[in-house]
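# Coordinate analysis (summary)
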Amino acid sequence: MDFTPGTFRTLVAGVISASLVLGLAGCTADEVSDETAKAPGYEATITRTAYGIPHIRAESWGSLGFGEAYAAAEDHACNMALALLQARGESASVFGPGEAQRNLSRDIVVKALGIPERAEAALAAQAPDIREWLEGYTAGYNRYLEDHPEGVGSWCDQADWVRPVRPDEFMAQYLSLVQSLPRAGGAIASVTLPDARADAVASTISPLSSPDLATTSPDLATTLRGLELRGMGSNAWALASSRTQNGKSLLLANPHYPWYGIARFWEKHLTTPGVYDAYGASLIGTPGVSLGFNEHVAWSHTVSNSKRTVIYQLTLNPENPTEYRWGDGWRSLTSVDVEVDVLRDAGPETVSHTIWSSHHGPLLALPGMSDDPYTVFAIRDANAENIHTLAQWQAMGQAEGMDAFIDAHRRYNAMPWVNTIAVSAEGRAAYIDNSTVGALSDAAVESWQSGVQANARLQALYLARGLVILDGSQASNEWRATEAPVPATEPFERRPLIESSEFVFNANDSYWLSDPANPASSVSPLYGATHSPRSVRTRMNMELLRRDSPFGYAGDDGRFSIEEVQAALFGNDSLTAALLLPDLLEACAANPERDVESGAVDHSEACAVLGAWDRKLNLDSRGAILFREWLTRYPYNETFLGKALFAVPFDPAEPRTTPRGLANADTALDKLAEAVLLLREAGIALDAPLGTYQIGHRMEQRFAVHGGNRREGIANLQISTTRSGNPTETPVFTGSGDYLGDSESLSSSGYNVVHGSSFIMTLAFTDEGPRAEAILSYSQSGNPQSEHFSDQTSLYRDKRWRKIYFSAEEIAREALSVNVISSTD
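A separate point is the overall build of the protein. Tallying secondary structure elements over the protein gives 25 helices and 32 strands in all. Since a compact globule built from 825 residues should have a radius of gyration of about 28 Å, the 26 Å found for the protein is in line with a globular shape. Over its C-alpha atoms, taken along the principal directions, the protein stretches across nearly 80 × 80 × 55 Å. In the protein, which comprises 825 residues, the proportion classed as buried is 62%. Residue pairs in contact within the protein that sit at least 24 positions apart in sequence constitute 71% of those at least 6 positions apart. Here the protein has roughly 29,100 Å² of accessible surface; of this, 48% comes from carbon and sulfur atoms. Taking the 64 positively charged and 102 negatively charged side chains of the protein as two groups, their mean positions are separated by 4 Å.

Written out as structure tokens, the structure reads:
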């Protein structure tokens, strides 16, 4: 997060001493400094261009990492330190147990999984150049701290937990990012086992050591949202030569990620002459370019609809609940005891806790899934042994064409939870879901599919929540051995790969319609459902991209330029409005008077406002707020699964155009009346411009934000805090928790944006090489004192794109600062 120093002092008042923090890490600052002194010599040149973008140039992988981490720390030392703290399982020792015990439960699970210890072995297993890269990266971070003994500034200035680290600590951060289970910390840490039956022998179950965790188990929706990153999102378009004006290829990268916290993008350009030259972004504190481009290929990622985790339903032995049914007998649960330091109001405290596991994986609390106390659930993570993601991203950044780019995926098979959408200078466009999923046998798939078809609730949980539940007592449901680099996961040949002569895209639904003209054949159901409803955002992406699009951004020739792609994304058109508003207006004209529980409403004004609305989510769009407050009175699932909103249900033969039409006019008008009364009670004009109330915060600065939410069928997603929970950790804005009436997201301070379009890039290959423009919506620096803390937020507000400088000549011409750093200075 971004805090002022004063806010930080409030958060960590009474923080434990530096000796305790350093002791928990297994080393002292002096020991780390001694190791740094013995390290090889590193040297890198950091050239900054407009908006603080660093271009790091070095002659070796170690020096490249050294310069990259130093530059990253200049912008995000606090967030880098926070990510390392969490990966060590120490966040509760500094920030307390957290809201809903989030810090405490995550620390418990990180330690129970042994991530800090496993990181050392994972580092040793890397190729020599990757180890060199991480070692140099560590040295660069440590050197930045050494160069700032008075403190790093920003919101963590003078904090004891901002300290030098070892390379395996950055490796631990990578493991905690790749794996799914740390995100389900609350559901794993809150598991309790039932007592043995009264007439049975007393069991040896250890008591829950932290009573707080027993009362803060997250609900099912929260658990699954964390596991499957279902709060995250993205759009990505890859346009092949036949759909671009210059006959080459064009990419839109539009990841929807948090505006706050450590899961944010940091932009960079990394060059080792003749070896690596890639521009793009990665999450704070992770080396390399995760999404971006080189001279030959460009790519983006979207969060995959694949199921990286599988849930196993277990039956405990009532005579001894530390055993679970396996075949015709019983198998013992295992347990691990961990100790976690936590800062309480009264001071530091050490919490002991027990995590229970089956051979499938740790037990997981799934509230509401069963009333039987002896029915429990375990979870297996396909990424538990995935340690080569950095090497795969490295190979992608070095690819000299689409074949080499695809081969990088085939060689490592290590994408954790994202799709890849890519173009090449040859004019090719490809979609790959190379995310890592478990390899189920045909028998297991058939058994699971039969169960889903027979159980409407399981089917809904799969389609809406991504939940896959197997019988954990049957050996036939075990994952099978494969030749994939990550053990027991699907090999590359069984993962979705789609090339198109026109375009491929993804907006977080499964691979099925990534090339809508050629629906893909089904692979493992763990890669998501086919012949199933698509989100309204996926459908909007299809509408914007097709040649005969009613929105017409590609012009009469149906071929896109960079400018036309930018206009399509920032047009902020609402597909949901196009699908529903005509019927709503017709119903409104026929029945303008409504009596609802809150009072009588004359819809004449509301109908006039909605009729005049441009059906966009722009800053000056009048009627967008009223439409949103009406639409959000329907559950989100209704926009693709339900029958209460749309009259014509989903038809797999017409996936682009169904569902459609307004289902029930009386219900819709009642909900419109409720929205009208809510806005009038709050003193908000029914035709108030969206930009007056949809706000992005950069500390004390407030920026009007264009874009819409998931229900509105809009490509440019921007999500506000909601009363039902948020996709990531967010700061508290004044009034953000003071929701108006029963609104889902409108508070006394407006719609407070915390998540959405982030590193937005358009790129076209030309005869002169790649040409790209971008906006980083929340800006490059996390330091409130930096001039680059909010400069690009203004660009986003105004829909002004900035040029990306890639060639050596451009960088030299546009350089605003040049800094040569060396480990031997």
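Next comes the rest of the description.
Of all the eight residues making up strand E6 (residues 276–283), seven are buried; the element is thus mostly covered by neighbouring parts of the structure. As paired elements, strand E5 (residues 265–272) and E6 share eight bridges and run antiparallel to each other. Residue pairing for E6: lysine 268 is matched across the bridge by glycine 280. Hairpin connection of E5 to E6: three residues between the antiparallel strands, including glycine 274 at a positive phi of 75°. Where E6 lies against strand E7 (residues 291–293), three bridges are found, and the strand directions are antiparallel. Within E7, the residue paired with alanine 281 across the bridge is leucine 291.

Moving on, we come to the sheet that holds E5. The sheet built from ten strands is open, its strands ordered E19-E17-E16-E8-E7-E6-E5-E2-E1-E32 with mixed pairing. If you trace the sheet from one side to the other, it starts and ends with strand E19 (497–500) and strand E32 (817–822), each paired once. For this sheet, the mean inter-axis angle between neighbouring strands, taken without regard to orientation, is 20°. Two elements, strand E2 (residues 53–58) and E5, share three bridges in a ladder whose sense is parallel. Bridge pairing links isoleucine 56 to leucine 270 in E5.

For helix H18 (residues 562–570), the buried fraction is high: seven of the nine residues fall into the buried class. Here H18 has its buried residues at Ile562, Glu564, Val565, Gln566, Ala568, Leu569 and Phe570. Buried residues along H18 sit against strand E3 (233–239), strand E4 (250–258), helix H17 (536–545), strand E29 (759–766), strand E30 (769–776) and helix H24 (791–798). With its phi angle positive at about 60°, asparagine 572 sits one or two positions after the end of H18.

Another aspect to go through is the nonpolar core. Counting 215 residues, the largest nonpolar core has Tyr141, Trp161, Leu626 and Trp630 as the members making the most contacts within it. Per-element tally for this core: the top contributor is helix H4 (residues 61–87), with 16 residues. Once residues lying within four places of it in the same chain are set aside, the contact partners of tryptophan 630 are Leu580, Leu584, Leu645, Leu662, Ala668, Lys671, Leu672 and Ala675. Core analysis: the second largest hydrophobic core is formed by 23 residues, Ala92, Val342, Leu467 and Ile469 among them.

Further remarks concern the pattern of salt bridges. Applying the stated criterion to the full structure yields 38 salt bridges. A salt bridge links arginine 628 to glutamate 712; its shortest N-O distance comes to 2.7 Å. Here arginine 628 is found in helix H21 (residues 624–631), whereas its partner glutamate 712 is found in the loop between strand E26 (701–704) and strand E27 (718–720), with 84 residues between them in sequence. Side by side, arginine 628 and glutamate 712 carry an identical accessibility label, which is buried. Between glutamate 674 and arginine 633 there is a salt bridge, with the nearest N and O atoms lying 3.2 Å from each other. Residue glutamate 674 is found in helix H22 (residues 665–682), and its partner arginine 633 is found in the loop between H21 and strand E23 (646–648); the two are separated by 41 residues along the sequence. Beyond isolated ion pairs, a larger network of salt bridges with shared partners links Arg88, Glu90, Arg163, Arg166, Asp168 and Glu169.

Omega for the bond connecting threonine 658 with proline 659 falls within 30 degrees of zero, at 0°, which places this linkage in the cis form. The residue proline 659 is located in the loop between E23 and strand E24 (660–662) in this model. The phi angle at asparagine 413 is positive, at roughly 50°, despite the residue not being glycine. You can see asparagine 413 is positioned in the loop between helix H14 (402–412) and strand E16 (418–424).

Take the environment of glutamate 295 next. Take glutamate 295: it is sitting in the loop between E7 and strand E8 (297–303). Expressed as a C-alpha distance, the spacing of glutamate 295 and glutamine 398, which sit 103 residues apart in the sequence, is 9.3 Å. Aside from chain neighbours lying at most four places away, what touches glutamate 295 is Ala425, Phe765, Pro770 and Phe806.

Attention now moves to the state of the cysteines. Per the stated rule, a full pass over the model turns up two disulfides. Linked covalently through their sulfurs, cysteine 78 and cysteine 156 form a disulfide whose S-S length is 2.0 Å. Across the S-S bond of cysteine 78 and cysteine 156 the torsion is about -85°, and the bridge reads as left-handed. One end of the pair, cysteine 78, is in helix H4; the other, cysteine 156, is in the loop between helix H8 (128–147) and helix H9 (167–178), with 78 residues separating them in the sequence. For the pair cysteine 78 and cysteine 156, a shared accessibility class is recorded, and that class is buried. Linked covalently through their sulfurs, cysteine 588 and cysteine 607 form a disulfide whose S-S length is 1.3 Å. Judged by the torsion about the S-S bond (-75°), the cysteine 588/cysteine 607 disulfide is left-handed.

According to the stated counting rule, one finds 23 aromatic pairs in the structure shown. Seen in terms of ring centroids, tryptophan 613 and phenylalanine 627 are 4.9 Å apart; in terms of plane orientation they differ by 40°. Their pairing is tilted. One end of the pair, tryptophan 613, is in the loop between helix H20 (604–612) and H21; the other, phenylalanine 627, is in helix H21, with 14 residues separating them in the sequence. Note on accessibility: tryptophan 613 and phenylalanine 627 belong to one class, buried. Site record: aromatic cluster; members linked through ring pairs are Trp613, Phe627, Trp630 and Tyr634. It is lysine 671 that lies over the ring of tyrosine 634; its NZ or CZ is 5.0 Å from the centre. Over the ring of tyrosine 636 we find arginine 710; its NZ or CZ atom is 3.9 Å from the centre of that ring.

This part takes up the environment of serine 93. Summarising the element assignment, serine 93 is placed in helix H5 (residues 91–95). Expressed as a C-alpha distance, the spacing of serine 93 and proline 348, which sit 255 residues apart in the sequence, is 7.1 Å. At 2.5 Å, the side chain of serine 93 forms a polar contact with the backbone oxygen of glutamate 90.

Conventions adopted
- Residues numbered from 1 in each chain as written.
- Predicted model: local features only at pLDDT ≥ 70, side-chain atom pairs only at ≥ 80, totals over all residues.
- Heavy atoms only, no water.
- Helix = DSSP H or I, 4+ residues; strand = E, 2+ residues; numbered from the N terminus.
- Rg over C-alpha atoms; globule rule 2.2 N^0.38 Å.
- Buried < 20%, exposed > 50% of the residue type's maximum accessible area, 1.4 Å probe, protein only.
- Contact = heavy atoms within 4.5 Å.
- Areas by Shrake-Rupley, 256 points an atom, 1.4 Å probe, with all protein chains shown as cover.
- Lys, Arg positive; Asp, Glu negative; His and termini not counted.
- Charge placed at Lys NZ, Arg CZ, Asp CG, Glu CD.
- Pairing = 2+ DSSP bridges.
- Axes fitted to C-alpha atoms, helices over the stretch in contact; angles between N-to-C directions.
- Core = buried A, V, L, I, M, F, W, Y, C linked by side-chain atoms within 4.5 Å.
- Salt bridge = Lys/Arg side-chain N within 4 Å of Asp/Glu carboxyl O.
- Disulfide = S-S within 2.5 Å.
- Phe/Tyr/Trp six-rings, centres within 6.5 Å; stacked < 30°, edge-to-face > 60°.
- Lys NZ or Arg CZ within 6 Å of the ring centre and 35° of its normal.
- Polar contact = N/O pair within 3.5 Å; in protein donor to acceptor, adjacent residues only side chain to side chain.

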